[in-house]
Amino acid sequence: MAVPILQELIEKGEEEDACIELLSNILEVLYKAQKHGAGEERHKDRGDTELVKVKKHIQLILERLLHTVNRRVIILDRENTLRSHYVACMAAILSQMDKDHYSSYIKAFPSRPELMDFLMETFILFKDLIGKMVYPSDWMVMNMVQNREFLRAINQFAATLTEMFLSNSSFELQLWNNYFHLAVAFLTQDSLQLENFSQAKRNSILAKYGDMRATIGAAIRDMWYNLGHHKIEFIPSMVGPILEMTLVPELELRKSTIPIFFDMMLCEYQLTESFSRFEDEILRKLDSEVEGGRGDEQYKQLFESILLSCCQRHPELAKPGENFVALVTGLLERLLDYRAVMNDENKTYSMSCTVNLLNFYKEIDRQAMYIRYLYKLKDLHVSYENYTEGAYTLLLHARLLKWSDEANTAPMQGLHSPSLHTQRQLKEALYNQIIDYFDQGKMWEEAIHICKELAEQYESEVFDYEMLSDILQREAKFYEKILKVLRPSPDYFAVGYYGQGFPPFLRNKVFIYRGKEYERREDFEMQLLSPFPNAEQLKSTSPPGQDITGSLGQYIQCFTVQPVEEAKVRFKDRSIPEQITNFYKANHVQKFSYSRPFKKGPKDPDNEFATMWIERTTFITAYPLPGILRWFAVTSTTTTIISPLENAIETMMKTNEKIMSEINRHQNDPSLPINPLSMLLNGIVDPAVMGGFAKYETAFFQESYLQEHPEDEGNIEKLKDLIAWQTPLLAEGIRIHGRKVTEDLRPFHERMEQCFMQLRAKVESQYGVREMVCFEDRRSGRPRSMAWGPDWDRLSHAGDRQVLAPPTPKPAPRTSESEDRRNERKENRSSTFFGYRRQDLRQSISELPEPKEEKRRLSRNMTESSLGSSEGKQPLPSRDTTGAQPSTAGLSLSPTGFGGRVKSASKAPPLPRKISPTVYETFLEQSDA
């Protein structure tokens, strides 16, 4: 009588507290009776009779109350305290059911649809209770009892599925699908992951309940194979759940369930001759599962060995199966590397692993996943203010889009508005963001390229002149910033990670890092070592041996390298402001060098340059810097040996380039402090400071050296030519120094002038005279600074001189006052070696008027030198007639890339230590005569 009343009250939701208490008491009495009846060995007949009565009571409760209690659990809110009591009653009912109870209960359903509804409802309810636990996680006994009874029920209902819902006429796809999802959810629930518990708790659970994961895993495997030809209907939908199950870190479970993947491959291949749907799904699911914390190295090895073994038994799948396994294991390796560093405070290595992943997805043409990791990388860069790298990262997405009104097919990423429906809209938004990032990173040259592309669209495609005006104004500001805003060149560092203690993506590899503005190497090294507190820093810059690379420790090597600029064809033989050229010296670079000096041969205590050799190591990176990372791996390394003479030539080139750079800087900005220029010039012209190039002369210009090294004759001439070309550079530098020097430093300047006069006399007497001229810009006629030419191997010779006739002067048109002012501003902006183009070089040094006789002497020498080419037919223009446009007579391209007059050595005798400018001019006239 009590059961029908309980059913009615529970269905109505009345007197629930009392109903639950009564039902609990009934179930407890039946449990004790059943246990007592099973223990009556001495009175077996009486015990069997009692068990029969108990089974009938349980059957009654099962038929009248199980479904009612289930429905009540579904209806009640999660916060309702009665819900957990109903769940306890449901578990108690299930615990007292045996096979006969299940069998009779299933048969009691009047129709097949009603049975299917009950199973569907039960599967959904169980899955919900497993996913959102009713009891606290530390209620171990209650949770494990519930899991034990759920497992028994699931296995009983699985048998019902196989018997009643598997044949062609009775197959129910959704019912089977719900079963698989329930079984996987049961297997992967937190309360069954024994490896997360303490050893004592794990032992206790195993002793009392066993490892239920192995039981349900075997059931899932058997149910899958029972599907037969229906398997194809679960591909690819079941790939994710099966993958989640195989990733559970239990060895025997993995061994028994990983073969399901091969069965899926085989099933799809037999039907379509490919398994592309399966492959796409497992790659997509693997990404999210491993990022969520599942998977390990053991799984990767098991997956590879088991599937390769299965594929080898099927010849038609041997090759495609091998490719698939290589693909998945490659992805797993990158995902595990990414997961290992994704939570580190230092995001440097997270960025590297992110790039490895997005490159992998690009190679296998998985665009959605590729874009997903692009935005992860972009967010990392922006969080570290790596705006240049963030811009290059976004540019990869923008390049995938077309300037068209086609709809976006890839999923939207980032903070882009959902109103950006077309590819044109999204690409335009990306470009504007990229321009902002390039601007913040001071990469205005790159921003200009994007502006030009947008301007082309606004002008020629969409005819939006308002937007065209805006983008052209932005572009103009970038040009202005290039010339006016200071941009310090970044330092580059080579970093080697040696030893087996590093993760695979770093182990025994060398990377080139791009430092930040004003970043010191010490600060960079501290940041580099922070993720590896146990790593040892190598002091040597030489590559380590096998004892280091094969050891189990961690060794980091770090040293500064120099970018090697690629020759720019459009800059060749042209005068370019250094604000423009300096950018390309440290950007878009893929080659870097490190020079290590060493001594070779007999030592010369008085002259170290004679035995100073250079071991130069050149590194080539996988991609140019800057890029989507601040560092890239080195793909190739070469080592060359530089002889002392070649080293001397390089040193002279760099010195001349440094002088030229300082001159240009001071002419562009007269407000610059004079101290760096003072130190540079004095260090070269004063023998007491650096010794100048006298050591080179002693080491390489002796007859004995040329007899021992006849092959170096060309390089010796080249070094002499570089020394000769240094003289006019020093002259202009000293002229600028004299114009800006303060009265306090005037004695220092006069001393420097005197030293230079002696140096000049010596150089011009031994190596010839070089005189720089000021080239006119072909567009505006304003003077420009000279750029170093790439063709440094051609020596200048006096016999190559020629005279170029000046163009016929034309009357200058009248200009307005505003245009005059604009031209004056252009003149002031000009970057040139000679601020006073009408003055002779000698005057700039002595600050004295040039004697008229000297003008006639120069004109006579130039005429004589040009007779061979002009045959005396062309008149030689004088300086008075050329005005502001200097003559190009006697021009020659030197190894330094300068254009100017080249004269042979006059063999003048050496000057005394101190000499006045007037005596110096008179001395030159006498020596010519």
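Coordinates for the structure precede this section.
Basis of the calculations
Residues numbered from 1 in each chain as written. Predicted model: local features only at pLDDT ≥ 70, side-chain atom pairs only at ≥ 80, totals over all residues. Heavy atoms only, no water. Helix = DSSP H or I, 4+ residues; strand = E, 2+ residues; numbered from the N terminus. Contact = heavy atoms within 4.5 Å. Areas by Shrake-Rupley, 256 points an atom, 1.4 Å probe, with all protein chains shown as cover. Salt bridge = Lys/Arg side-chain N within 4 Å of Asp/Glu carboxyl O. Buried < 20%, exposed > 50% of the residue type's maximum accessible area, 1.4 Å probe, protein only. Pairing = 2+ DSSP bridges. Core = buried A, V, L, I, M, F, W, Y, C linked by side-chain atoms within 4.5 Å. Phe/Tyr/Trp six-rings, centres within 6.5 Å; stacked < 30°, edge-to-face > 60°. Lys NZ or Arg CZ within 6 Å of the ring centre and 35° of its normal. Expected span 1.5 Å × (residues − 1). Patch = residues over 30% accessible without salt bridge, like charges linked within 9 Å, V, L, I, M, F, W, Y side chains within 5 Å. Lys, Arg positive; Asp, Glu negative; His and termini not counted. Charge placed at Lys NZ, Arg CZ, Asp CG, Glu CD. Axes fitted to C-alpha atoms, helices over the stretch in contact; angles between N-to-C directions. Nonpolar A, V, L, I, M, F, W, Y, C, P; charged D, E, K, R; others polar. Parallel < 35°, antiparallel > 145°, perpendicular 65-115°, else oblique. Left-handed = near helix turned anticlockwise from the far one by under 90°.

Engineer: Mind showing me how you'd approach the overall build of the protein here?
Structural biologist: Looking only at helices and strands, the protein features 37 helices and ten strands. In the protein, the proportion of contacts linking residues at least 24 apart, taken out of those at least 6 apart, comes to 73%. Carbon and sulfur atoms form 52% of the exposed surface of the protein, whose accessible area is close to 46,500 Å².

Engineer: Which parts of the structure should I look at to understand the pattern of salt bridges?
Structural biologist: Between side chains of opposite charge, pairing is possible as soon as their charged atoms come close. As enumerated under the stated definition, the model contains 48 salt bridges in all. Between Lys-442 and Glu-517 there is a salt bridge, with its nearest N and O atoms 3.4 Å apart. Residue Lys-442 is found in the loop between helix H20 (423-440) and helix H21 (444-460), and its partner Glu-517 is found in the loop between strand S2 (509-514) and helix H23 (521-529); the two are separated by 75 residues along the sequence. With a closest N to O distance of 2.8 Å, Glu-662 and Arg-665 form a salt bridge. Of this pair, Glu-662 and Arg-665 both sit in helix H26 (residues 644-668), three residues apart, which is roughly one turn of the helix. Taking the relative accessible area as the measure of exposure, Glu-662 reaches 11% and is therefore buried.

Engineer: It is not clear to me how the pairing of strand S4 (residues 555-563) should be interpreted in this structure. Could you clarify?
Structural biologist: Regular strands place their side chains on alternate faces of the sheet. Direction of pairing for strand S1 (residues 492-498) relative to S4: antiparallel, over a ladder of seven bridges. The residue of S4 that forms the bridge with Phe-493 is Thr-560. With two bridges joining them, strand S3 (residues 536-537) and S4 adopt parallel strand pairing. Looking at the pairing, Glu-536 lines up with Tyr-555 of S4. Pairing of S4 with strand S5 (residues 589-599) involves two bridges; the strand directions are antiparallel. Residue Gln-562 lies in a different strand from S5, and its bridge partner there is Ser-593.

Engineer: Help me understand the nonpolar core, please; the structure alone is not making it clear to me.
Structural biologist: One broad rule of soluble globular proteins: the nonpolar side chains tend to lie buried together. Ranked by size, the top nonpolar core spans 194 residues in total, and within it Phe-261 and Tyr-497 carry the most contacts. Top contributing element to this core by residue count: helix H16 (residues 315-341), with eleven residues. Apart from residues lying up to four places away in sequence, Phe-261 is in contact with Val-239, Ile-242, Leu-243, Thr-246, Phe-278, Ile-282, Tyr-299, Phe-303 and Leu-307.

Engineer: Hey, could you run me through the side chain of Gln-457 in this one?
Structural biologist: Note on placement: Gln-457 falls in helix H21. Each residue touching Gln-457, except ones within four places of it in the same chain, is listed here: Trp-403, Arg-424, Val-462 and Phe-463.

Engineer: Please clarify how the packing of aromatic side chains should be interpreted in this entry.
Structural biologist: The geometry of two aromatic rings is summed up by the distance between their centres and the angle between their planes. Per the stated rule, a full pass over the model turns up 45 aromatic pairs. With a centroid separation of 6.0 Å and an interplanar angle of 40°, the aromatic rings of Tyr-299 and Phe-303 are classed as tilted. Residue Tyr-299 and its partner Phe-303 are both found in helix H15 (residues 297-312); the two are separated by four residues, about one turn of the helix. Summarising the burial analysis for this pair, Tyr-299 and Phe-303 share the class buried. A network of ring pairs unites the aromatic residues Tyr-102, Tyr-105, Phe-109, Phe-118, Phe-123, Phe-157, Phe-171, Trp-176, Tyr-179, Phe-180, Trp-224 and Phe-234 as a single cluster. The ring of Phe-197 has Lys-201 lying over it, and the distance from NZ or CZ to the ring centre is 4.4 Å. Directly above the aromatic system of Phe-701 lies the positively charged group of Lys-720, at a separation of 5.3 Å from the ring centroid.

Engineer: Would you mind showing me how to read the environment of Met-133 here?
Structural biologist: Within the secondary structure, Met-133 is located in the loop between helix H6 (112-131) and helix H7 (140-164). In this structure, the C-alpha to C-alpha distance between Met-133 and Ser-84, residues 49 residues apart in sequence, is 9.6 Å. With near-sequence residues (within four places) excluded, Met-133 lies in contact with Asn-143 and Ser-191.

Engineer: When you look at helix H19 (residues 387-398) in this model, what are you seeing that I'm missing?
Structural biologist: Counted at 1.5 Å a residue, the expected span for H19 with its twelve residues is 16 Å, and the 16 Å between its end C-alpha atoms agrees. When you tally the buried positions in H19, you get eleven out of twelve residues, the bulk of the element. By the burial criterion, the buried members of H19 are Tyr-387, Thr-388, Glu-389, Gly-390, Ala-391, Tyr-392, Thr-393, Leu-394, Leu-395, His-397 and Ala-398. Among the structural elements, helix H18 (367-383), H20, H21 and S2 are those in contact with the buried residues of H19.

Engineer: What is the right way to read a negative patch on the surface from this model?
Structural biologist: Together, Glu-14, Glu-15, Asp-17 and Glu-21 make up a negatively charged patch on the protein surface. Mapped onto the fold, Glu-15 is located in the loop between helix H1 (2-12) and helix H2 (16-38). Its relative accessible area of 58% is what places Glu-15 among the exposed residues.

Engineer: Just to check I follow, could you spell out the packing of helix H13 (residues 259-272) against helix H14 (residues 276-291) for this structure?
Structural biologist: In a packed pair of helices, the relevant descriptors are the angle between the two axes and the axis-to-axis distance. Remark: H13 packs on H14, axes separated minimally by 8 Å, with the N-to-C direction vectors making an angle of 145°. On H14, the residues that touch Phe-261, Met-264, Met-265 and Glu-268 of H13 are Ser-276, Arg-277, Phe-278 and Ile-282. Split into classes, the residues belonging to the contact of H13 with H14 amount to five nonpolar, one polar and two charged.

Engineer: Hey, could you run me through unusual backbone geometry in this one?
Structural biologist: Between Ile-235 and Pro-236 the backbone carries a cis peptide bond, its omega angle lying at 15°. With respect to the element layout, Pro-236 can be found in the loop between helix H10 (212-226) and helix H11 (239-246). The peptide bond linking Leu-625 to Pro-626 adopts the cis configuration, its omega dihedral lying at 0°.

Engineer: Can you walk me through the packing of H16 against helix H17 (residues 348-363) in this structure?
Structural biologist: One way to put it is that H16 packs onto H17 with a least axis distance of 8 Å and a crossing angle of 160°. As far as their axial angle goes, H17 and H16 are roughly antiparallel. Pair H16 / H17 crosses with left-handed handedness. Here Leu-327, Gly-330, Leu-331, Arg-334, Leu-335, Asp-337, Tyr-338 and Val-341 of H16 come into contact with H17, specifically with Tyr-349, Ser-350, Cys-353, Thr-354, Asn-356, Leu-357, Phe-360 and Tyr-361. Within the contact of H16 with H17, the residues separate by chemical class into ten nonpolar, four polar and two charged.

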